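Spelled out from the first residue to the last, the chains are:
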Amino acid sequence: MSHTAHDTDPTQPAPGDDHAFFGQPRGLMTLSGLEVWERFSFLGMQAILVLYFADTVAHGGLDMEPGTAASVSAAYGTLVYLVSVAGGWLADRILGSYRAVLYGGILIACGHYAMAVPTATMTWVGLGLISAGTGLLKPNVATMVGKLYRTDDERRDAGFALYYMGINIGAFLGPLITGWLGDHASWHWGFSAAAFGMTLGLIQYVLGRRHLAGRKHSAEFPLAPEAKRTVVWRIVLGVVVVAVVATVLALVGWLTMDRFVDVLTVISVIAPVVYFVVMFRSPQVTPEERGRLRPYVVLFLASVVFNFILFQAYSTMMLLASTNARTEIFGFHFPASWYASALGAFEVALAPVVAAVWAKMGPRQPHASNKIAIGVILGGLSFLLMVLPTSGHADDSYKMAAWWIVGSYLLLGLGDILLETSGMSATTKLAPKAFASQTMALWFLSLALANGIQAQIVKLYGEVSNPAYFGVNGAIAVVAGVAVIAAAPWLKRTMHPVH
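What counts and how
Here the residue numbering is sequential within each chain, running from 1 through the sequence in written order. For this predicted model, a pLDDT threshold of at least 70 governs which residues receive local features, and a threshold of 80 or more governs which side-chain atom pairs are given and counted, while totals over whole chains, interfaces and linings are taken from all residues. Derived side-chain values reflect all non-hydrogen atoms in the structure, with water molecules and hydrogen atoms excluded from consideration. Helix and strand definitions follow DSSP, with helices as H or I runs of at least four residues and strands as E runs of at least two, each counted in order from the N terminus. Based on C-alpha atoms, the radius of gyration is set beside the globule rule, defined as 2.2 Å times the residue count to the power 0.38. When accessible area is computed with a 1.4 Å probe and restricted to protein chains, residues below 20% of their type maximum are described as buried, those above 50% as exposed, and intermediate ones as partly exposed. Should any heavy atoms of two residues lie within 4.5 Å, those residues are counted as being in contact. Only the protein chains shown count as covering a residue, and every accessible area follows the Shrake-Rupley method with a 1.4 Å probe. Under this rule, positive means Lys or Arg and negative means Asp or Glu; His and the chain ends count for nothing. By convention, the charge on Lys lies at NZ, on Arg at CZ, on Asp at CG and on Glu at CD. Take the residue count of a helix, subtract one, and multiply by 1.5 Å to get its expected span. Note on ring pairs: Phe, Tyr and Trp rings are taken, using the six-membered ring of Trp, and paired if centres are within 6.5 Å. Classes follow the plane angle, with under 30 degrees stacked, over 60 edge-to-face and the rest tilted. Polar contact is defined as a pair of N or O atoms within 3.5 Å, subject to the rule that within protein one atom must be able to donate a hydrogen and the other to accept it, and that residues adjacent in sequence are counted only when both atoms are side-chain atoms. Any carboxyl oxygen of Asp or Glu that lies within 4 Å of a side-chain nitrogen of Lys or Arg is treated as forming a salt bridge with it. To define a nonpolar core, start from buried Ala, Val, Leu, Ile, Met, Phe, Trp, Tyr and Cys residues and group those joined through side-chain atoms within 4.5 Å. Each patch is built from salt-bridge-free residues with over 30% relative accessible area, joining like charges within 9 Å and nonpolar side chains (Val, Leu, Ile, Met, Phe, Trp, Tyr) within 5 Å. Helix axes are fitted to C-alpha atoms over the stretch in contact, other axes to C-alpha atoms as well, and angles between N-to-C directions run from 0 to 180 degrees. Helix crossings get a hand from a simple test, with the near helix turned counterclockwise from the far one by less than a right angle marking a left-handed crossing and a clockwise turn marking a right-handed one. Nonpolar residues are Ala, Val, Leu, Ile, Met, Phe, Trp, Tyr, Cys and Pro. Charged residues are Asp, Glu, Lys and Arg, and all others, Gly as well, are polar.

### Considerations on the overall build of the protein chain
Along its length, the protein chain carries 17 helices and two strands. Here the protein chain has a C-alpha radius of gyration of 22 Å; the compact-globule value for 499 residues is 23 Å, and the two agree. Dimensions along the principal axes, computed over C-alpha positions, put the protein chain at roughly 70 × 55 × 40 Å. Looking at the protein chain as a whole, 56% of its 499 residues are labelled buried. Sequence-distant contacts in the protein chain: of pairs separated by 6 or more residues, those separated by 24 or more amount to 82%. As presented, the protein chain carries roughly 19,900 Å² of accessible surface, and 70% of it is formed by carbon and sulfur atoms. Between the mean site of the 31 positive side-chain charges and the mean site of the 28 negative ones, the protein chain shows a separation of 10 Å.

### Observations regarding helix α5 (residues 156–184)
In a regular helix each residue adds 1.5 Å, so 29 residues correspond to 42 Å; α5 covers 43 Å between its end C-alpha atoms and thus fits that length. Within α5, 21 of the 29 residues are buried, leaving the element largely enclosed by the surrounding structure.

### With respect to helix α8 (residues 257–281)
Every α-helical turn comprises 3.6 residues, leaving residues that sit three or four positions apart pointing alike. With 25 residues, α8 extends 36 Å from end C-alpha to end C-alpha; this agrees with the ideal 36 Å at 1.5 Å per step. Among the residues of α8, Val261, Leu264, Thr265, Ser268, Ala271, Pro272, Tyr275, Phe276 and Met279 are the ones counted as buried.

### Observations regarding the packing of aromatic side chains
Following the criterion strictly, the structure yields 17 aromatic pairs and no others. Centre to centre, the rings of phenylalanine 383 and phenylalanine 470 are 4.9 Å apart; their planes meet at 75 degrees, and the pair counts as edge-to-face. With phenylalanine 383 in helix α12 (residues 368–385) and phenylalanine 470 in helix α16 (residues 466–486), this pair connects stretches of sequence that are 87 residues apart. Taking relative accessible area as the criterion, phenylalanine 383 reaches 1% and is therefore assigned buried.

### Structural notes on the side chain of serine 446
Turning to its location among the elements, serine 446 is positioned in helix α15 (residues 436–457). Looking at serine 446, its side chain comes within polar contact range of the side chain of serine 303, at 2.7 Å. The residues touching serine 446, leaving out its near neighbours within four places in the chain, are Phe300, Ser303 and Val304.

### A look at the environment of leucine 95
Secondary-structure assignment places leucine 95 in helix α2 (residues 66–95). Judged by relative accessible area, which is 15%, leucine 95 ranks as buried.

### As for the side chain of glutamate 347
Position of glutamate 347 relative to the elements: it lies in helix α11 (residues 339–361). Summary of buried charges: glutamate 347 has no salt-bridge partner, and the nearest side chain of opposite charge, arginine 39, is 9.5 Å away. Apart from the residues within four sequence positions on either side, glutamate 347 is in contact with Tyr164, Asn168, Leu412, Gly413, Asp416 and Ile417.

### Some thoughts on the nonpolar core
Side chains of a nonpolar character, in soluble globular proteins, are inclined to be buried together. Tyr339 and Tyr409 are the most contacted members of the largest nonpolar core, which has 126 residues in total. Considering each element in turn, this core owes the most residues, 13 residues, to helix α1 (residues 27–54). Residues in contact with tyrosine 339, not counting those within four places in the same chain, are Met318, Ala321, Ala325, Arg326, Phe334, Ala402, Ile405, Val406 and Tyr409. In this structure, Ala91, Ile94, Leu95 and Val231 belong to the second largest nonpolar core, which totals seven residues.

### Section: a nonpolar patch on the surface
Taken together, Val232, Trp233, Val236, Val240, Val244, Val248, Leu251, Val252 and Trp254 make up a surface patch of nonpolar side chains, about 930 Å² in accessible area. Structurally, valine 232 is set in helix α7 (residues 225–251).

### Quick word on the pattern of salt bridges
Summed over the entire model, instances satisfying the criterion amount to five salt bridges. Notably, a salt bridge pairs lysine 138 with glutamate 35, separated by 3.1 Å at the nearest N-O pair. Of the two residues, lysine 138 sits in helix α4 (residues 120–146) while glutamate 35 sits in helix α1, which places them 103 residues apart along the sequence. Summarising the burial analysis for this pair, lysine 138 and glutamate 35 share the class buried. Note that glutamate 288 and arginine 292 form a salt bridge whose closest N and O atoms lie 3.3 Å from each other. Placement of the pair is glutamate 288 and arginine 292 together in helix α9 (residues 287–310), with a separation of four residues, close to one helical turn. Since its relative accessible area comes to 55%, glutamate 288 is described here as exposed.

### Examining the packing of α2 against α8
Two elements in contact, α2 and α8, have axes whose closest approach is 10 Å; the angle formed by their N-to-C orientations is 35 degrees. Our pair here, α2 against α8, has a crossing hand that is left-handed. Residues Ser71, Val72, Ala75, Thr78, Leu79, Leu82 and Val85 of α2 pack against Met257, Val261, Leu264, Ile267, Ser268, Ala271 and Tyr275 of α8. Taken together, the residues of the contact of α2 with α8 break down into eleven nonpolar, three polar and no charged.

Honestly, that's just the spatial picture; any functional story needs more than this.
Rendered as structure tokens:
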């Protein structure tokens, strides 16, 4: 571990842990292992979710129109990442990172078990539990990775790349298992596999807790006992009130699915704006920290653009694969949802290469802003590539070769590694001390905004031609990436200590 006072602080791992995992702190293995199973469950479920929504009732689905199915799936993603703000705040002020991640994992597992029950009601209950659990887990586990390193530790980006490789092992395996079960048994058997995976992740997280920095700490900036009790009661009351009001509005016919999606999109726009304003004006943020938040806004917007493309790998790209792509390679037939595993496979293969390159280059590696910009451009190119196989057809009965989607996912996977690892690493460096976990949550709010925008744009899928849909969205992403490169001189000056 790269922190000091190992011998006097019982909450710190042993000094021998510092290089025990491929030259990285051993705690990275525990957190990466958790993410393997969390992503196995989350993305394994997400790979089949839009297909489950769009499938007929006779085949166990919910019989939604393709555009609606993609929009609802995106809205679920919006809710997942919106809740991450509360998760970061709860970790900072009440629970501490270790307990926030633990409780979040338990909620996620319960949500997947609920979705295994073959009723529409339990599907929505399960998605609600998973949203709450992921909001607790995601911002705080990434923050715990950051705590394994000093701010100036050059292994930091390489460590995040290895951590991200763990994420994508789960992203690769999850759709293989859930997709096969969804295709050969039922969608709810696929959801059951996701539940089992999250349970395994919780077990290894608890067993490896002794290698985690600050695992016995409560909140880093705790509320006073009386204030904590008041906040807890207000949270419980607020959840109950929202649930009751939503139920009443749904029963009287006002809160339709379309309106719920629209409300989430509006919140996804307002929330990051409010959060940035609060941090810029907070007296707990020093002038130096405030100066580092300005370039972070650019990184935030770059993340929104890229993830708007990335998340469609599990919505519009899944729908396209199920209707217009061949589901066989060299004579081997596979479920359409297996295409999602290609994305994870490329990231598993490329993440250690990227980590090795950054470690070898050391201080000569590209600035974090340029890594992020290249990632955004690659995301845009992945969509522009889809213009070619979807063009020039008289109707929608064509079947493109599998390699087109695989090639698109190759570009998207490399872009994801460059952007997410550099973005998460830069976030932990640029975060004001008083908002550590919450600033990580702000990064995930960029994912909420990406999903919120996606929830509206994907409604056009099937309404406009596929070449126009993929071409326009891809071109916008490429232009955004070029703009970040153009801003590189200013970003390099203002992002210290990020290199």
